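The residues making up each chain are set out below.
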Amino acid sequence: MPTPGRGVYGLRVHGLDEVVELSPVDDDALDWPAVRVRQLDQPAPPPVPLDGRQGTRILADGRTLALDRLRGTATFYGPPLTPDVLAHPYLAPVATTLNRWVGRETFHSGAFVLAGRAWAVLGPRTAGKSSLVAALAARGVPILTDDILVVDRADALAGPRCVDLRQPVPGVALPARAVRGGERLRVALPPITSRVPLGGWFFLRWGAAVTRTRLPGASLLARLAGLRSFGQLPSDAAALLSIAALPAWELTRPRDWAALDDTHRLLVDTTAAAQAVGATR
C-alpha cells in the first residue's frame, strides 16, 4: 500500500521523506493533491508557459522547475538540492503554483495560532515576519507557517516545521542550526495540525510604538487581492470575499527587540477579543 506522503502547504508530497521539516500526512490532509518532487541533474527542457495544467518556472537562481498537474510531478533541473533547501525555500514555488491551480489562495505570509484560530502575518520582505514568528514560538505560541500561507476556503494550511532567520533574535531561547549554506539560522517547530480555521490578518509595519489599527473591509479586500500569488489567475470571488470579511489590523511596532513582549501581549489580547466578538454573533 503506498504511503500517504508528507503533508505541507496543502499538498501530499512524495519523494522527500528525508526532509525532516515535513510532517507525515494526518487525517485532515488525506484529500490534499499529491505531488512527487523529483530532481534531475541534467539540462532543463525548453520553457513552457504555465497554463493551469503544466508549465515551467525559472527560479531566482536560474534553476528550472517543471510542473505537471495531471501527472502530479514537480521536477527541479540542475545540481541536486540538499534537504534543508528543499524544505525551504524551494518547496514554495511548487506550493504556490499547484495550490493556485486548484483554486486556493496563497500569500507570502506567516501565521500563528491563538484563540483556536490561525492569524496571518503579512508585510514586505524587511517587515520582520520571521523574527516575530520565532519570538511567538519562543513564548509558546503555535506557529502554522513561516513564509507561505495557503488558504483553502475558510482554513489556513500548515507549512514546513521551521522558521528561517537572517540573524538571532535576542531573548528567543530556541535551538537553531545554520542552513542554506550558512545564510540562515533555522529554528525547528513542533508538529501541528495540518488545517486550522483562519481567524484574521495582521499587516506589519515599523513605527514608534506597539499599536494596532483596525482595517476596513474594503481596504482589506484590495490588499488581499493584490497580494495573491499569480494574481493573473482567476480566484473564487465568494471565497476571496469570505476571507476578506475576517478582521484585520495594521500592527505597528518599533525596531527594538525589547518591544517583543508588548507585541505578544497585544496579539493575545486582540485575537481573544476578536474571537469573543465572533462567538456572540
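Our subject is the structure that appears above.
The structure contained in this document is the topic of the report that follows. (Residues numbered from 1 in each chain as written. Predicted model: local features only at pLDDT ≥ 70, side-chain atom pairs only at ≥ 80, totals over all residues. Heavy atoms only, no water.)

### A short note on the overall build of the protein
Part 1: Along its length, the protein carries five helices and 18 strands.
Part 2: If one aligns the C-alpha atoms of the protein with their principal axes, the spans along those axes are about 50 × 40 × 35 Å.
Part 3: Per-residue burial for the protein yields a buried fraction of 52% across its 281 residues.
Part 4: Total accessible area on the protein is roughly 12,900 Å²; 56% of this is exposed by carbon and sulfur atoms.
Part 5: Here the protein contributes 32 positive and 25 negative side-chain charges, whose respective centroids are spaced 4 Å apart. (Helix = DSSP H or I, 4+ residues; strand = E, 2+ residues; numbered from the N terminus. Buried < 20%, exposed > 50% of the residue type's maximum accessible area, 1.4 Å probe, protein only. Areas by Shrake-Rupley, 256 points an atom, 1.4 Å probe, with all protein chains shown as cover. Lys, Arg positive; Asp, Glu negative; His and termini not counted. Charge placed at Lys NZ, Arg CZ, Asp CG, Glu CD.)

### Section: the nonpolar core
Part 1: Leu 16, Phe 76, Leu 91 and Val 94 are the most contacted members of the largest nonpolar core, which totals 31 residues.
Part 2: Those elements that provide at least two residues to this core are β2 (11–14), β4 (34–40), β6 (64–68), β7 (73–77), α1 (83–101) and β11 (148–152).
Part 3: Of the residues forming this core, the biggest block, 10 residues, is contributed by α1.
Part 4: Ignoring sequence-local partners within four residues, the contact set of Leu 91 consists of Val 8, Tyr 9, Leu 16, Leu 22, Val 37 and Leu 86. (Core = buried A, V, L, I, M, F, W, Y, C linked by side-chain atoms within 4.5 Å. Contact = heavy atoms within 4.5 Å.)

### Describing the sheet that holds strand β3 (residues 23–24)
Part 1: As summarised here, the arrangement of the seven strands in space is β3-β1-β2-β4-β7-β6-β5, forming an open sheet in which the pairing is mixed. Either end of the sheet is taken by a strand with one partner, and the two such strands are β3 and β5 (54–58).
Part 2: Where strand β1 (residues 6–8) and β3 come together, two bridges link them in antiparallel fashion. The residue bridging Arg 6 from the neighbouring strand is Pro 24, located in β3.
Part 3: Across the sheet, α1 touches β1, β2, β4, β5, β6 and β7, and the angle it forms with β6 is around 40°. (Pairing = 2+ DSSP bridges. Axes fitted to C-alpha atoms, helices over the stretch in contact; angles between N-to-C directions.)

### Section: the packing of helix α3 (residues 217–227) against helix α4 (residues 237–244)
Describing two packed helices takes the angle between their axes plus the distance from one axis to the other.
Part 1: Contact geometry of α3 with α4 gives a least axis separation of 9 Å together with a crossing angle of 125°. Taken together, the axes of α3 and α4 lie oblique to each other. For α3 against α4, the interelement crossing comes out right-handed. Along the contact surface, α3 presents Gly 217, Leu 220, Leu 221, Leu 224 and Ala 225, while α4 presents Leu 240, Leu 241, Ile 243 and Ala 244. (Parallel < 35°, antiparallel > 145°, perpendicular 65-115°, else oblique. Left-handed = near helix turned anticlockwise from the far one by under 90°.)

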